[in-house]
Amino acid sequence: DAGPAGPRPPGVVPNAVSIRGLPVDRPLPGASPDDLLAQLRCRPGRLAAPTDIDADVRTLMESGLFEEVLVHVSAGESKGADDESGDDEDNGNENVAGSNRD
């Protein structure tokens with residue numbers, strides 16, 4: 001599947017998945033970061049395909065809590081020479097940031 005920027009990578013194994021941009025001064029019932037994370041496909045330590053990330057963006061947008069949802073995937077720590085996992089997947093952190101609706 002090649003988009004405007006070229007072929008998409010097969011996925012990433014995130015070390016962490018987080019949500020930013022929720023109002024902290026006035027929490028919304030059922031809309032804590034933990035509540036929202038429970039609705040997402042992407043999980044730390046599990047391969048997240050581009051389709052999983054796209055579905056999570058849709059889920060957050062459809063919640064009505066955000067005007068915009070951005071996904072940032074950053075490279076994780078390099079594996080040391082003593083790592084014998086044999087896992088060749090990229091490790092990283094996935095952050096989902098949203099601009100909340102007022």
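Asks: Tell me about the overall build of the chain, residues and numbers included.
Replies: Across its full length, the chain holds two helices and five strands. Within the chain, buried positions represent 26% of all 102 residues. For the chain, the share of sequence-separated contacts (at least 6 apart) that also reach a separation of at least 24 residues comes to 64%. Carbon and sulfur atoms form 49% of the exposed surface of the chain, whose accessible area is close to 6800 Å².

Asks: How would you explain the pattern of salt bridges if you had to name every residue and give the values?
Replies: Tallied over the entire structure, the rule returns one salt bridge. Here Asp 52 and Arg 41 are joined by a salt bridge, their closest N and O atoms 3.4 Å apart. In this pair, Asp 52 sits in helix H2 (residues 50–62) while Arg 41 sits in the loop between helix H1 (33–37) and H2, placing the two residues eleven residues apart along the sequence. The exposure class of Asp 52 is buried, given its relative accessible area of 16%.

Asks: If you had to explain the nonpolar core to someone new, which residues and values would you point to?
Replies: Grouped together as the largest cluster of nonpolar side chains are 13 residues, with contacts concentrated most on Ile 19, Leu 36, Leu 60 and Phe 66. Where this core is concerned, the elements lending two or more residues are strand E3 (13–20), H2 and strand E4 (66–75).

Asks: Run through the side chain of Asp 56, naming residues and quoting values.
Replies: Mapped onto the fold, Asp 56 is located in helix H2. Here Asp 56 occupies a buried position and makes no salt bridge, while the nearest side chain of opposite charge, Arg 41, is found at 5.3 Å. Leave out the neighbours within four places in its chain, and Asp 56 touches Leu 40, Arg 41 and Cys 42.

Asks: Pulling in residues and values, what's your account of H2?
Replies: Here H2 spans 18 Å end to end across 13 residues, near enough to the 18 Å set by a 1.5 Å rise per residue. Here H2 has its buried residues at Pro 50, Asp 52, Ile 53, Ala 55, Asp 56 and Leu 60. Note on H2: the residue one or two positions beyond its end, Gly 64, has a positive phi of about 80°.

Asks: Provide a residue-level description of the confidence of the model for the chain, including the pertinent values.
Replies: On average, the chain scores 75 in pLDDT, and the residues at 70 or more come to 64%. In the predicted structure, residues 77–92 sits below a pLDDT of 50 and forms 22 contacts with residues beyond four places in sequence or in another chain.

Conventions we followed
- Residues numbered from 1 in each chain as written.
- Predicted model: local features only at pLDDT ≥ 70, side-chain atom pairs only at ≥ 80, totals over all residues.
- Heavy atoms only, no water.
- Helix = DSSP H or I, 4+ residues; strand = E, 2+ residues; numbered from the N terminus.
- Buried < 20%, exposed > 50% of the residue type's maximum accessible area, 1.4 Å probe, protein only.
- Contact = heavy atoms within 4.5 Å.
- Areas by Shrake-Rupley, 256 points an atom, 1.4 Å probe, with all protein chains shown as cover.
- Salt bridge = Lys/Arg side-chain N within 4 Å of Asp/Glu carboxyl O.
- Core = buried A, V, L, I, M, F, W, Y, C linked by side-chain atoms within 4.5 Å.
- Lys, Arg positive; Asp, Glu negative; His and termini not counted.
- Expected span 1.5 Å × (residues − 1).
- pLDDT = per-residue confidence, 0-100.

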